[in-house]
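# Structure at a glance
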Amino acid sequence: MRDTSYQHTDRAPVSHRQQAYNFAKKSYRSVQHLIVEFWKFSNYYAEYKARMRGQ
């Protein structure tokens with residue numbers, strides 16, 4: 001009885017780790033996307049400010 005329960009707890013972390021890995025991969029992609037968007041926006045904003053200063 002104790003053996004099977006031990007096996008079960010031993011098997012559980014693997015799927016949990018896989019879940020966590022998938023989640024991390026997904027969140028990493030979304031964070032990367034956000035950084036790219038923010039970088040684009042800051043470039044655009046800097047250009048806009050420079051143009052306003054020029055006029």
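A brief report on the enclosed structure follows. Every value quoted in this text rests on a predicted model; they were computed, and no experiment measured them. (Residues numbered from 1 in each chain as written. Predicted model: local features only at pLDDT ≥ 70, side-chain atom pairs only at ≥ 80, totals over all residues. Heavy atoms only, no water.)

### Examining the overall build of the protein chain
Along its length, the protein chain carries 1 helix and 0 strands. Buried positions account for 0% of the 55 residues belonging to the protein chain. Accessible surface for the protein chain amounts to roughly 5,800 Å². Of this, 60% is attributable to carbon and sulfur atoms. (Helix = DSSP H or I, 4+ residues; strand = E, 2+ residues; numbered from the N terminus. Buried < 20%, exposed > 50% of the residue type's maximum accessible area, 1.4 Å probe, protein only. Areas by Shrake-Rupley, 256 points an atom, 1.4 Å probe, with all protein chains shown as cover.)

### Thoughts on the pattern of salt bridges
What the rule picks out here adds up to 2 salt bridges. Between Glu37 and Lys40 there is a salt bridge; the shortest N-O distance is 3.7 Å. Here the residue Glu37 and the residue Lys40 both occupy positions in helix 1 (residues 2-54), the gap between them amounting to 3 residues, near one helical turn. Looking at Lys40, the relative accessible area reads 46%, which means it is partly exposed. (Salt bridge = Lys/Arg side-chain N within 4 Å of Asp/Glu carboxyl O.)

### A closer look at the packing of aromatic side chains
Counted under the stated rule, the structure contains 1 aromatic pair. The interplanar angle of 15° and the centroid separation of 6.1 Å between the aromatic rings of Phe41 and Tyr45 together place this pair among those described as stacked. Within this pair, Phe41 and its partner Tyr45 are both found in helix 1, separated by 4 residues, close to a single helical turn. Its relative accessible area of 42% is what places Tyr45 among the partly exposed residues. (Phe/Tyr/Trp six-rings, centres within 6.5 Å; stacked < 30°, edge-to-face > 60°.)

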